[in-house]
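Tertiary structure, described
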Amino acid sequence: MKKSVGTMLTTVLLAGMLAGCGGNANGGNVANTGGNAANSGENAANGANAANGANAAGDDAGNANAGTAGNAGTNADAGGGASGEPVTLKFATWSDPVVEQKKIDAFMKSHPNIKIEIDKSVTWPWDEKLGAAAAAGKLPDVFFVFNGPADVANGWLADMKPYLDADSDYSPDKIFSNLSETGQYNGKQYMLPHQMFMTGVLINEDLFNKENVPLPKKNWTTKEFEDIAKKLTKVSDRQFGVENIVGAREAFVPQFDPSLGWLTYDGTKFNFDNPAFSDAIHWINNIVYNDKTSVDLYERAEQDKWYGKDKSGFVAGKVGMKIDANWAFADLAKNAKFKWDFLPLPADKGQRVPIVTDYVGMAANTKHPKEAYEFIKWLTFSKDGWMQRINEIEKPIQTMPLVNDRDVWDAYLKTTFTAPGIKDVISMIGEGFVDGYKWLPGDAEIIDKVLNPYDTKKDLVTLKVKPEDVAKDIQQKATAIFDKNKTQIDAATK
């Protein structure tokens with residue numbers, strides 16, 4: 001499960017991309033970008049509780065059925081294609097049903113022997129409804145995965161590796177290898193990412209110019225970020241330098257130690273006792289509570305008075321920088337009345353882009369594995385699928401393309417965005433680190449049982465409790481949870 005770094009193919013492809021882009025945005029609390037954001041503006045927030053299912057990895061919630069199927073793909077033929085016989089597949093999705101139906105219609109047009117029906121019985125709480133379907137022997141043939149470790153341990157997901165290996169259209173870097181590997185357990189591919197979101201910094205260029213603050217470069221630093229926030233803040237005018245930085249801890253830890261990933265995971269273990277965990281918290285705390293340059297310092301009720309009910313100060317033009325992701329582009333393009341851009345997170349000892357992915361998998365007991373694979377392929381690494389999504393189906397498309405293909409990325413950059421800085425963030429995908437909420441054993445349980453008790457009371461953010469004083473305790477508890485969940489995954493996949 002150790003993530004690999006970017007390949008030469010990724011570097012060559014992305015480094016040469018043209019700048020044309022543009023966007024929209026408002027989207028979501030990056031604090032949560034770990035996992036809850038996963039739903040790219042969908043209902044996933046409702047599923048936050050479903051996350052508790054991450055510790056369900058060993059529960060008997062749906063053990064019911066899938067046993068046979070872990071190897072549903074072993075009979076894949078050389079082409080990995082559909083058989084040609086008319087079949088109907090059930091598909092469980094939490095995305096906008098109107099958009100999903102357009103995807104389905106496009107797929108069925110090119111695959112006339114395969115009919116896709118949305119399974120409306122699977123909804124939130126996601127894992128609970130999947131468990132009920134599994135117990136009844138009625139898992140959808142293809143479904144979105146909110147909790148990969150639990151779904152694999154429960155036997156709900158088929159190994160797609162035999163199909164991928166037999167498919168000449170696929171290579172490990174077809175979906176950037178550091179992303180596709182997150183869907184693997186012990187060398188078996190149980191799910192593939194079908195959506196990708198990247199966290200960075202939205203900047204209000206007009207506000208920078210108004211305050212005579214030079215626009216930052218892509219290789220800016222955390223010190224520059226902090227200094228800029230001070231220059232942009234005018235409390236008496238309800239103007240602030242930063243929004244949405246409280247809770248962005250997991251996104252910033254790797255900037256203080258680039259050997260770490262999300263939630264301090266390094267590919268083999270968690271590292272809460274690494275100084276970078278404390279450094280990130282102290283840095284955020286200093287911006288919010290000492291510099292007082294973040295609007296996050298103020299209660300939502302006060303912000304509602306200044307900017308409007310549940311309105312973003314950044315979108316209102318009163319905040320210079322906002323930690324957010326590309327799911328925000330659509331709303332920003334529609335509602336922001338100023339020129340804006342998107343930059344990578346600032347660097348301290350390193351500079352890496354945080355990535356959030358949504359996953360899709362095949363039911364272990366599907367009666368139509370070849371056809372299910374074809375649909376998953378169209379959603380994940382099919383060039384034709386992505387070109388149709390970008391040019392015809394999803395306007396504006398919120399996800400970035402996952403397929404490592406120059407034509408697809410050119411189409412994405414040309415038709416969807418105008419933010420020139422996006423190309424610099426795209427070029428960092430191969431070295432990016434992926435939010436573990438949906439794929440990393442124990443991740444959601446660690447958040448729920450170990451970190452949330454501190455975060456609910458804001459003890460870590462406000463430094464009522466110093467992170468360095470509790471880091472060893474957090475590390476010990478996190479390691480125990482990870483080891484337990486990893487053992488369950490290993491038992492189910494080896």
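Residues numbered from 1 in each chain as written. Predicted model: local features only at pLDDT ≥ 70, side-chain atom pairs only at ≥ 80, totals over all residues. Heavy atoms only, no water.

Here we take up the overall build of the protein. Each helix and strand in the protein was counted, giving 19 helices and eleven strands. For the protein, the proportion of its 494 residues judged to be buried stands at 60%. In the protein, once contacts between residues fewer than 6 apart in sequence are set aside, the share between residues at least 24 apart is 79%. Accessible surface, the protein as shown: approximately 18400 Å² in total, 50% of it carbon and sulfur. (Helix = DSSP H or I, 4+ residues; strand = E, 2+ residues; numbered from the N terminus. Buried < 20%, exposed > 50% of the residue type's maximum accessible area, 1.4 Å probe, protein only. Contact = heavy atoms within 4.5 Å. Areas by Shrake-Rupley, 256 points an atom, 1.4 Å probe, with all protein chains shown as cover.)

Turning our eyes to something else, we now look at helix α14 (residues 369-380). With twelve residues, α14 should cover 16 Å at 1.5 Å per step; its first-to-last C-alpha distance of 16 Å lies within 8% of that length. When you tally the buried positions in α14, you get eleven out of twelve residues, the bulk of the element. Buried within α14 we find Pro-369, Glu-371, Ala-372, Tyr-373, Glu-374, Phe-375, Ile-376, Lys-377, Trp-378, Leu-379 and Thr-380. (Expected span 1.5 Å × (residues − 1).)

Counting 141 residues, the largest nonpolar core has Phe-225, Ile-245, Phe-252 and Met-321 as the members making the most contacts within it. Those residues within four positions of Phe-225 in sequence are excluded, and the remaining contacts are Val-201, Trp-220, Val-242, Ile-245, Trp-283, Ile-287, Met-321, Ile-323 and Pro-346. (Core = buried A, V, L, I, M, F, W, Y, C linked by side-chain atoms within 4.5 Å.)

Note that the residue after Trp-124, namely Pro-125, is joined by a cis bond; omega there is 0 degrees. Among the secondary structure elements, Pro-125 is positioned in the loop between β2 (114-118) and α4 (126-135). The step from Lys-395 to Pro-396 runs through a cis peptide bond, and the omega angle for that step is -5 degrees. Phi is positive for Asn-186, which is not a glycine, with a value near 50 degrees.

Our focus in this paragraph is the pattern of salt bridges. Counting across every chain of the model gives 30 salt bridges. The salt bridge partner of Lys-223 is Asp-227, with a shortest N-O separation of 2.8 Å. Within this pair, Lys-223 and its partner Asp-227 are both found in helix α9 (residues 222-232), separated by four residues, close to a single helical turn. Under the relative-accessibility criterion, Lys-223 is labelled exposed at 52%. Between Lys-309 and Asp-304 there is a salt bridge, with its nearest N and O atoms 4.0 Å apart. In this structure Lys-309 comes out as exposed when scored by relative accessible area, which is 62%. Exposure remark for Asp-304: the relative accessible area of 17% places this residue in the buried category. Here the salt bridges share partners, and the residues they tie into one network are Lys-90, Lys-115 and Glu-117. (Salt bridge = Lys/Arg side-chain N within 4 Å of Asp/Glu carboxyl O.)

Considering all chains together, one arrives at 35 aromatic pairs under this definition. Consider the rings of Phe-329 and Trp-340, whose centres lie 5.3 Å apart with planes at 45 degrees: the pair is tilted. On the criterion of sequence distance, the pair formed by Phe-329 in helix α13 (residues 329-335) and Trp-340 in strand β9 (residues 340-343) is long-range, its members being eleven residues apart. The ring of Trp-386 is capped by Arg-389, whose NZ or CZ atom sits 4.2 Å from the centre of that ring. (Phe/Tyr/Trp six-rings, centres within 6.5 Å; stacked < 30°, edge-to-face > 60°. Lys NZ or Arg CZ within 6 Å of the ring centre and 35° of its normal.)

Tracing the backbone shows Phe-144 in strand β3 (residues 142-145). Distance in space between the C-alpha atoms of Phe-144 and Leu-192 is 9.7 Å, their sequence separation being 48 residues.

Let us look at the side chain of Thr-380. Its place among the elements puts Thr-380 in helix α14. Of the residues examined, Thr-380 reaches a relative accessible area of 0% and is grouped as buried. Polar contacts involving the side chain of Thr-380 include one to the main-chain carbonyl oxygen of Ile-376, which spans 2.7 Å. (Polar contact = N/O pair within 3.5 Å; in protein donor to acceptor, adjacent residues only side chain to side chain.)

Along a regular strand, successive side chains alternate from one face of the sheet to the other. Burial analysis of strand β8 (residues 319-325) places seven of its seven residues in the buried class, which makes it a mostly covered element. When strand β6 (residues 192-204) meets β8, the two strands line up antiparallel, connected through five bridges. Looking across to β8, one finds that Leu-202 is bridged to Lys-322. Judged from the three bridges that link them, strand β7 (residues 240-243) and β8 form a sheet pairing that is parallel. Paired with Val-242 across the bridge in β8 is Met-321. (Pairing = 2+ DSSP bridges.)

Further remarks concern helix α19 (residues 467-493). The sharpest bend along α19 comes to roughly 30 degrees, located at Asp-473. Taken as a whole, α19 has its buried residues at Pro-467, Val-470, Ala-471, Ile-474, Gln-475, Ala-478, Ile-481, Phe-482, Asn-485, Ile-489, Asp-490 and Thr-493. Buried-residue contacts for α19 involve α5 (148-153), β4 (184-185), β5 (188-189), α11 (275-290) and α18 (443-456). (Bend = angle between axes of the 7 residues up to and from the residue.)

Quick look at the packing of α14 against helix α15 (residues 383-393) now. The N-to-C vectors of α14 and α15 enclose an angle of 55 degrees; their axes lie 6 Å apart at closest approach. When the axis of α14 is compared with that of α15, the two are oblique. Residue-level contacts link Trp-378, Leu-379 and Thr-380 of α14 to Asp-384, Gly-385, Trp-386, Gln-388, Arg-389 and Ile-393 of α15. A per-class count over the contact of α14 with α15 returns four nonpolar, three polar and two charged. (Axes fitted to C-alpha atoms, helices over the stretch in contact; angles between N-to-C directions. Parallel < 35°, antiparallel > 145°, perpendicular 65-115°, else oblique. Nonpolar A, V, L, I, M, F, W, Y, C, P; charged D, E, K, R; others polar.)

With that out of the way, let us pick up the environment of Ser-121. Its place among the elements puts Ser-121 in the loop between β2 and α4. Separated by 29 residues in the primary sequence, Ser-121 and Ala-92 place their C-alpha atoms 8.2 Å from one another. Within polar-contact distance, the side chain of Ser-121 engages the side chain of Asp-119 at 2.5 Å.

Further remarks concern the environment of Trp-409. Assignment of secondary structure puts Trp-409 in helix α16 (residues 406-416). You can call Trp-409 buried: its relative accessible area is 0%. On a C-alpha basis, the gap between Trp-409 and Lys-423 in space is 9.9 Å, while along the polypeptide they are 14 residues apart.

Bringing the confidence of the model for the protein into the picture now. A low pLDDT score tells you not to read the predicted coordinates there in detail. On average, residues of the protein carry a pLDDT of 85, and 82% of them reach 70 or more. In the model, residues 1-82 has pLDDT below 50 throughout and makes 254 contacts with residues more than four positions away in sequence or in other chains. (pLDDT = per-residue confidence, 0-100.)

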